[in-house]
Amino acid sequence: MPDISQIESSLDAFDRKILEELAENGRIPVAELAEKVGLSKTPCQNRFKRLIADGFIQGFKAILDPSKMNLDHIAFAEVKLTHTHEAALTGFNAAVKKIKEVEECHMIAGRFDYLLKIRTRDIKKYRLVLGERISNLPYVASTSTNVAMETVKERG
């Protein structure tokens, strides 16, 4: 969870506390949230709605257990593109978003252009995703893979 206390914005201490609580438990009832942050229910609910409207809260989702879904294999693929002009970046970005096994995609300043976090059931499935999907994305020149041996900390 990000350090919400360091957010530079129009948020006051109540807003920050609401965000901290919701980051830990997005299903907390408004009455309980109000009690935890030191507000009555109506002002808390109004702030909650404003934080959503202002885009501080982008949504709510279930956090699934990958091991129960047989998705224990995590690989990080370093992707180097043939070109980095705007059309190449746009084309790659649009195409990589369509690959469901890619959990995260980050443009990187360094020796490669993108870092992808890919979750699959095993190395065999990863090889298929890499060989048939990622390597065939627009403008991909080369890839290099790092396999996670253990997840020590993960958002969620």
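What counts and what doesn't
- Residues numbered from 1 in each chain as written.
- Predicted model: local features only at pLDDT ≥ 70, side-chain atom pairs only at ≥ 80, totals over all residues.
- Heavy atoms only, no water.
- Buried < 20%, exposed > 50% of the residue type's maximum accessible area, 1.4 Å probe, protein only.
- Helix = DSSP H or I, 4+ residues; strand = E, 2+ residues; numbered from the N terminus.
- Arc of directions from axis to C-beta.
- Contact = heavy atoms within 4.5 Å.
- UniProt positions renumbered as here; feature names shortened; annotations may be inferred.
- Pairing = 2+ DSSP bridges.
- Axes fitted to C-alpha atoms, helices over the stretch in contact; angles between N-to-C directions.
- Phe/Tyr/Trp six-rings, centres within 6.5 Å; stacked < 30°, edge-to-face > 60°.
- Salt bridge = Lys/Arg side-chain N within 4 Å of Asp/Glu carboxyl O.

If you check an unreviewed UniProt entry, the protein chain appears there as Lrp/AsnC family leucine-responsive transcriptional regulator from Shinella fusca.

Among all positions in helix α4 (residues 86-96), only A88, L89, F92, A95 and V96 are buried. The buried side chains of α4 occupy one side of the element, clustering within an arc of 140° when seen end-on. In the core, the buried residues of α4 are packed alongside β1 (73-81), β2 (102-107), β3 (114-120) and β4 (140-147).

Per the UniProt record, "domain: HTH asnC-type" (unreviewed entry) is annotated on residues 11-72. Secondary structure within residues 11-72 divides into 53% helix and 0% strand; the distance between the first and last C-alpha atoms comes to 38 Å.

In spatial order, the strands read β2-β3-β1-β4; together these four strands make up an open sheet with antiparallel pairing. Among the strands making up the open sheet, the edge pair consists of β2 and β4. Neighbour-to-neighbour, the strand axes of this sheet turn through a mean angle of 20°, independent of strand direction. Relative to β4, β1 runs antiparallel, the two being bridged by seven bridges. Bridge pairing links F76 to N146 in β4. Across the sheet, α4 is in contact with β1, β2, β3 and β4; its angle to β3 comes to roughly 15°.

What follows concerns the pairing of β3. Here β3 lies mainly inside the structure; six of its seven residues are buried. Of the strand pairs in this sheet, β1 and β3 are connected by seven bridges, and their pairing is antiparallel. Looking at the pairing, I74 lines up with R119 of β3. With five bridges connecting them, β2 and β3 associate as antiparallel partners.

Glancing now at helix α2 (residues 30-37). Among the residues of α2, those classed as buried are V30, L33, A34 and V37. Projected down its long axis, α2 shows its buried positions confined to an angular sector of 100°, all on one face. Buried residues along α2 sit in contact with α1 (13-24) and α3 (41-53). Positive phi shows up at G38, right after α2, with a value of about 85°.

Here the focus is the packing of aromatic side chains. According to the stated counting rule, one finds two aromatic pairs in the structure shown. An angle of 40° between the planes, with centres 6.1 Å apart, marks the rings of F48 and F60 as tilted. With F48 in helix α3 and F60 in the loop between α3 and β1, this pair connects stretches of sequence that are twelve residues apart. With centroids separated by 4.3 Å and ring planes inclined at 35°, the aromatic side chains of F92 and Y114 adopt a geometry described as tilted.

Going through the model one piece at a time under the given rule, you end up with 14 salt bridges. In this structure, E78 engages R111 in a salt bridge whose closest nitrogen and oxygen atoms are separated by 2.9 Å. A residue pair is termed long-range when its members are at least 10 positions apart, and E78 in strand β1 and R111 in the loop between β2 and β3 qualify at 33 residues. Assessed through its relative accessible area of 61%, R111 is described here as exposed. Among the salt bridges present, the one from K125 reaches E101, with a minimum N-O distance of 3.9 Å. Here the residue K125 occupies a position in helix α5 (residues 123-134), and E101 occupies one in the loop between α4 and β2, the gap between them amounting to 24 residues.

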